[in-house]
Amino acid sequence: MNLREQYEQLEEKILSPLATLSKNTKGRIKKEEKCKVRTDFQRDRDRIIHSKAFRRLKHKTQVFIAPEGDHYRTRLTHTLEVAQIARTIARAIRLNEDLTEAIALGHDLGHTPFGHTGEDALNKISSTGFKHNEHSLRVVDYLEKENGLNLTHEVRDGILCHSGELIPQTNEGKVVKLADKIAYINHDIDDAVRAGILTVEDLPKECIKVLGKGHSERINKMITAVIEHALKYGEIKLTGEVGEATWELRQFMFDNVYIASEAKKEEDKAKNLIKELFIHYMDNPNSMPKEYYDKIDIYGLERTVLDYVAGMTDRYAIHEFTKIFIPMPWQIKF
């Protein structure tokens with residue numbers, strides 16, 4: 001019996017009936033020999049961490065476009081906070097922590113430059129529409145390496161279903177879906193206060209009365225509520241007084257930060273930048289890198305341009321826009 005098989009046996013002994021056992025995975029799209037050391041979900045986590053798309057998240061917007069301050073969240077730090085919160089919940093209710101972590105680390109791989117602003121721009125200009133959760137799945141299925149990462153069904157489902165009305169098939173996926181909201185509600189408050197857009201006193205008093213005034217106190221209240229509900233009822237939900245306060249606080253953030261705030265003043269510029277890049281590459285596909293240009297015959301022109309623009313970091317998109325559309329000063333050579 002190898003180390004992976006030993007660990008799979010251990011999972012059967014220690015995990016909850018609510019958990020997804022590694023040995024019961026529905027498998028990969030392409031069959032491959034199993035690792036002798038790692039379970040399938042551990043292997044998926046490692047593949048995601050070592051992907052180029054994961055590394056690019058460090059230079060993609062969370063809320064504040066191309067932030068220059070050292071302490072503002074990026075899409076990468078958001079992802080790490082989601083993973084930490086999700087793992088805490090999963091461990092407490094004895095779910096599969098490796099599956100939970102893999103889903104959390106991969107859930108935003110398909111995000112565009114400038115976050116949801118870039119996503120909205122591509123969704124409007126593309127004839128097929130664009131959703132970052134669907135593109136995250138495309139990244140791991142096709143775009144990473146030569147033929148994708150070949151992840152397990154459970155991780156792919158969790159990545160696709162972390163956003164919108166879709167419901168993950170596993171409890172681990174449901175945990176990540178909630179952890180995503182818990183993370184961004186709280187860290188976006190922290191960043192908004194740092195940026196001077198909000199003060200703690202601006203937050204809805206009834207919400208703060210229930211959840212707490214401090215950042216860590218609010219996160220702890222939400223996590224504890226999810227854990228307690230799962231242990232009592234066997235379902236992954238954030239309900240009751242804490243749930244109501246959480247969703248009210250989330251709406252407050254949409255009304256005062258995500259939609260109408262100083263942080264959104266540059267949005268139109270960012271959307272126009274994305275739109276102009278998209279149009280340029282549609283008209284000049286040979287100006288894309290060869291690795292993308294060569295895929296036009298496989299995926300079609302528009303799909304390939306979407307893949308290229310969506311994969312850009314904030315600063316690379318700005319660099320490409322500047323190179324293409326901004327005149328360079330004439331330099332006299334002596």
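Everything that follows concerns the structure shown earlier in this document.
The structure displayed is predicted, hence computed values, not measured ones. (Residues numbered from 1 in each chain as written. Predicted model: local features only at pLDDT ≥ 70, side-chain atom pairs only at ≥ 80, totals over all residues. Heavy atoms only, no water.)

## Topic: the environment of S136
- As for its placement among the helices and strands, S136 is situated in helix α7 (residues 132-143).
- The buried category is assigned to S136, whose relative accessible area is 0%.
- Not counting residues up to four positions away in its chain, the partners in contact with S136 are G106, H107, D108, L109, G110, H111 and I159.
- Polar contacts involving the side chain of S136 include one to the main-chain amide nitrogen of L109, which spans 3.4 Å. (Helix = DSSP H or I, 4+ residues; strand = E, 2+ residues; numbered from the N terminus. Buried < 20%, exposed > 50% of the residue type's maximum accessible area, 1.4 Å probe, protein only. Contact = heavy atoms within 4.5 Å. Polar contact = N/O pair within 3.5 Å; in protein donor to acceptor, adjacent residues only side chain to side chain.)

## What about unusual backbone geometry?
- At R94, a residue that is not glycine, the phi angle is positive and equals roughly 60°.
- If you trace the backbone, R94 turns up in the loop between α4 (75-92) and α5 (97-106).

## Things to note about the packing of aromatic side chains
- For the structure on display, the rule yields 6 aromatic pairs.
- Here the aromatic rings of Y184 and Y258 are separated by 6.2 Å at their centres, their planes lie at 75°, and the arrangement is edge-to-face. A residue pair is termed long-range when its members are at least 10 positions apart, and Y184 in helix α9 (residues 171-194) and Y258 in helix α12 (residues 240-258) qualify at 74 residues. Across the pair, Y258 and Y184 agree in class, each one buried.
- Ring pairs connect the aromatic residues Y184, F254 and Y258, which therefore count as one cluster.
- Geometry around Y299 places R138 over its ring, the cationic atom sitting 4.4 Å from the centre.
- Positioned over the ring face of Y292 is K295, at 5.9 Å from the centre of the ring. (Phe/Tyr/Trp six-rings, centres within 6.5 Å; stacked < 30°, edge-to-face > 60°. Lys NZ or Arg CZ within 6 Å of the ring centre and 35° of its normal.)

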